[in-house]
Amino acid sequence: MAKKKKKKNPIVRFLGSVHAFFKDDRFRYATGIVFLLLALFLILSLISYLINWKTDQDFEWAKVFSGPEIQVENSGGKLGAWLSNLFINKWFGIASFLFPIILIIWAMALYKIRVVKAAKAIRNSLILIILLSLTLSLIFGDAGGALGSGPGGQHGYFLSRWLVASIGTLGTIFLLVICYAAMLLFSTSFLDWIRTLANPFVSTDEQAQETEQTVEQEELIQSDNTSQVEKEIEEEPFVVKVDDSEDKSPLTEENSSGKVDVEMTIEDIDPEDINLDEGALGEYDPTLDLPKFRYPPLSLMKDYDKGETTVSNEELISNKNRIVETLGNYNIKIDKIKATIGPTVTLYEIVPAPGIRISKIKNLEDDIALSLSALGIRIIAPIPGKGTIGIEVPNQNPRTVSMKSILASKKFQDADMELAIALGKTISNETFVFDLTKMPHLLVAGATGQGKSVGLNAIIASLLFKKHPAQLKFVMIDPKKVELSLYSKIERHYLAKLPESEEAIITDTQQVIHTLNSLCGEMDDRYNLLKNAQVRNIKEYNSKFINRKLNPNKGHHFLPFIVVIIDEFADLIMTAGREIEHPISRLAQLARAIGIHLIIATQRPTTNIITGVIKANFPARIAFRVTSGIDSRTILDGPGADQLIGRGDMLFLSGSEPIRLQCAFVDGPEIEDVTDFIGQQKGYPTALMLNPVEEVSGSGPEVDLDKRDEKFEEAARLVVQHQQGSTSLIQRKLSLGYNRAGRIVDQLEVAGILGPFEGSKARKVLVQDEFSLEQILSKLI
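All figures in this text were calculated on a predicted structure; none of them were measured in a lab.

## Brief notes about the pairing of strand 8 (residues 472-477)
1) Next: By the criterion of burial, strand 8 is predominantly enclosed, with 6 of the 6 residues buried.
2) Next: When strand 8 meets strand 10 (residues 561-566), the two strands line up parallel, connected through 6 bridges. Residue pairing for strand 10: Leu-472 is matched across the bridge by Phe-561.

## Some points on the pattern of salt bridges
1) Next: All told, the structure shown has 23 salt bridges when counted by the stated rule.
2) Next: Among the salt bridges present, the one from Arg-536 reaches Glu-540, with a minimum N-O distance of 3.3 Å.
3) Next: By relative accessible area, Glu-540 is classed as partly exposed at 27%.
4) Next: Its salt-bridge partner being Arg-763, residue Asp-746 comes within 3.9 Å of it at the nearest N-O pair. Highlighted residues: Asp-746 in helix 27 (residues 738-750) and Arg-763 in the loop between helix 27 and helix 28 (770-780), separated in sequence by 17 residues. Taken individually, Asp-746 and Arg-763 each receive the classification buried, so the pair is uniform in this respect.
5) Next: Ionic contacts of the salt-bridge type, sharing partners, join the residues Arg-378, Glu-392, Asp-649 and Arg-660 into one network.

## Here's the deal with the sheet that holds strand 11 (residues 596-602)
1) Next: Pairing is mixed across the open sheet formed by 9 strands, whose spatial order is 6-5-14-13-12-7-11-10-8. Each of the sheet's edge strands pairs with one partner strand only, and the pair in question is strand 6 (431-435) and strand 8. Across the sheet, the axes of successive neighbouring strands diverge by a mean angle of 30 degrees, strand direction being ignored.
2) Next: Strand direction decides the pairing type here: strand 13 (residues 649-653) and strand 14 (residues 659-663), joined by 4 bridges, are antiparallel. When the bridges of strand 14 are listed, Asp-649 appears paired with Gln-662.
3) Next: This element, helix 16 (residues 452-464), spans strand 5 (420-426), strand 7 (442-445), strand 8, strand 10, strand 11 and strand 14 of the sheet and lies at about 130 degrees to strand 5.
4) Next: The strands touched by helix 23 (residues 629-636) within the sheet are strand 7, strand 12 (620-623) and strand 13, with strand 12 carrying the most contacts at an inclination of about 155 degrees.

What counts as what
- Residues numbered from 1 in each chain as written.
- Predicted model: local features only at pLDDT ≥ 70, side-chain atom pairs only at ≥ 80, totals over all residues.
- Heavy atoms only, no water.
- Buried < 20%, exposed > 50% of the residue type's maximum accessible area, 1.4 Å probe, protein only.
- Helix = DSSP H or I, 4+ residues; strand = E, 2+ residues; numbered from the N terminus.
- Pairing = 2+ DSSP bridges.
- Salt bridge = Lys/Arg side-chain N within 4 Å of Asp/Glu carboxyl O.
- Axes fitted to C-alpha atoms, helices over the stretch in contact; angles between N-to-C directions.
- Contact = heavy atoms within 4.5 Å.

Quick look at the structure:
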């Protein structure tokens with residue numbers, strides 16, 4: 001049975017029509033014209049009153065509509081005479097000339113000519129009217145009855161007399177000076193207001209990007225039930241349309257995508273591109289999607305770092321004497337030595353005597369370590385930027401650096417960086433902070449148990465304490481399934497994943513491949529957006545979008561940073577090989593400009609894991625302690641990581657010379673408290689969904705079978721006979737080079753004889769016998 005259509009309440013329909021009338025653009029334009037005409041009429045009447053004030057003085061309202069027998073000299077007629085007498089004589093005197101200026105500013109705001117901020121300019125004008133009236137009356141008094149009550153009007157005259165009687169002339173002057181100074185101090189748009197007074201009728205093609213924040217717009221922050229842009233559209237004064245239908249909201253049709261329209265210059269107007277909201281709504285704020293989101297407080301973190309020095313004077317003097325003695329045994333004289341105490345190691349800076357070769361000191365590394373009975377020392381010869389040689393000696397009682405002290409440091413709190421990351425403290429006990437967007441990717445390596453996972457947690461915690469969920473998303477890949485599992489609680493706030501993925505922390509190798517390929521697709525989409533916006537990087541793009549210069553109807557939207565964190569990269573390379581390395585290489589080469597940054601961690605920094613392509617695109621690297629000098633050279637292109645003492649002792653390389661740091665310690669319960677705090681707050685309905693990319697069969701390049709290798713048929717018979725799709729088999733049996741054998745394998749795959757690449761496994765042979773093979777080959781002829 002069909003439901004009866006419910007009739008809308010007539011009162012609701014009437015209110016809707018009234019609402020539509022006042023929100024209509026035609027009403028706005030008509031009101032602006034009325035204000036301009038009223039301002040012109042008022043200016044002519046006031047000027048005429050200054051000339052004919054003796055005739056028009058004390059003209060009463062009752063005479064305005066009298067007969068023609070009552071005459072006035074005012075250019076505005078009887079109404080103009082009455083208004084002029086009211087403003088100049090009875091109210092504020094000559095300061096009343098600011099009232100027409102207020103009307104002009106209001107009219108400009110209605111026409112969206114943003115020369116100044118209308119609300120602030122009107123407020124300042126009203127305050128100045130009162131102050132000028134009082135000032136003129138204080139200076140001129142009633143001026144012998146000129147203009148009735150003098151140039152300050154009756155308001156200024158009586159108020160000045162009362163102030164002089166109460167606090168004296170000098171006190172009144174001081175009070176006026178304070179008032180003028182306060183108005184100048186607290187009015188951020190004072191210079192714009194002066195410019196408006198000087199030339200109120202001149203508009204500018206270059207509109208101001210920041211507009212007044214009205215009370216209605218401030219109420220947007222208080223509501224959680226609707227999306228940000230829908231709320232902004234509700235507050236837009238003149239573009240909302242009312243629909244008579246019962247179920248459809250009049251606000252959802254305007255721009256349900258959550259974005260705003262693009263600004264266009266007057267020379268390039270396209271009706272679809274005109275942004276009616278520009279200037280009226282102010283800057284777009286992506287954080288208003290979650291307006292009540294609170295950053296985790298520092299009280300959730302534990303303070304392990306008590307700040308006391310753990311190196312005694314006896315230890316310093318003993319180490320100094322042993323270094324001097326050891327070098328003296330090899331006839332190396334020292335002119336000067338000083339120590340800088342760090343949380344984990346102490347740096348001894350020595351100045352050798354003239355004529356001493358640096359290489360002699362560097363070759364004594366093991367001898368100095370033996371004399372100091374140290375776990376391992378590192379010699380920096382010379383220290384960059386200094387004329388000294390550094391010898392880093394581990395402290396007998398290293399100090400724990402807490403993440404709380406790092407996050408609370410002034411250097412991190414005041415860091416003006418896009419993606420500020422606080423890692424720990426340097427040898428000189430300074431907090432070390434860097435910007436991930438400048439790196440732009442990070443390679444982390446270290447043996448098991450040397451602090452690699454703690455370092456990843458410190459990096460993630462730094463970003464969680466600094467960035468809003470609308471500004472940052474994580475893609476977390478954890479083949480070990482346990483290292484990053486704590487962050488699943490913040491899925492609806494900070495994480496991104498594929499729609500078909502059940503878990504936000506990606507652990508399955510095939511899901512990893514799909515996700516990385518999806519990120520490559522996201523990268524291509526973002527580059528298309530940058531191209532259409534005519535900008536070079538994500539910072540310029542988001543700046544344009546925040547200032548409402550990009551049209552969301554053309555696909556533009558705010559782009560959050562995406563940080564991809566991969567723990568145990570070696571396991572992925574072993575299981576998926578080129579299918580992982582190819583998208584990683586693409587992202588590493590191209591993703592910097594569009595805000596996608598990679599952080600890759602591995603405990604096996606070998607050349608088959610960290611290939612040349614990956615190293616070339618990861619200039620920033622973190623090395624925790626590794627087991628051999630070869631691994632150190634793989635990750636740092638030089639020795640040093642094998643001489644670290646472990647437990648968070650690390651080297652950070654982003655330039656020519658690595659920096660030694662003590663990584664901040666953040667424990668599992670602390671991360672759990674932080675994720676619980678974030679996870680309990682209101683988040684997005686789901687994690688950020690990445691767009692799946694259709695997988696292209698075959699991992700090799702496109703192959704033209706018309707240009708087959710002359711050994712193609714022989715290789716096909718070989719793999720079918722041995723039922724083994726291996727490049728090395730073809731290379732060995734046919735005496736071919738690796739590259740040529742690889743091309744033949746790609747051709748066999750396209751021909752349907754071999755299956756696709758499966759990582760470390762051999763390719764599957766799809767043809768079981770030679771008869772089937774001959775049929776395939778005959779079709780290729």
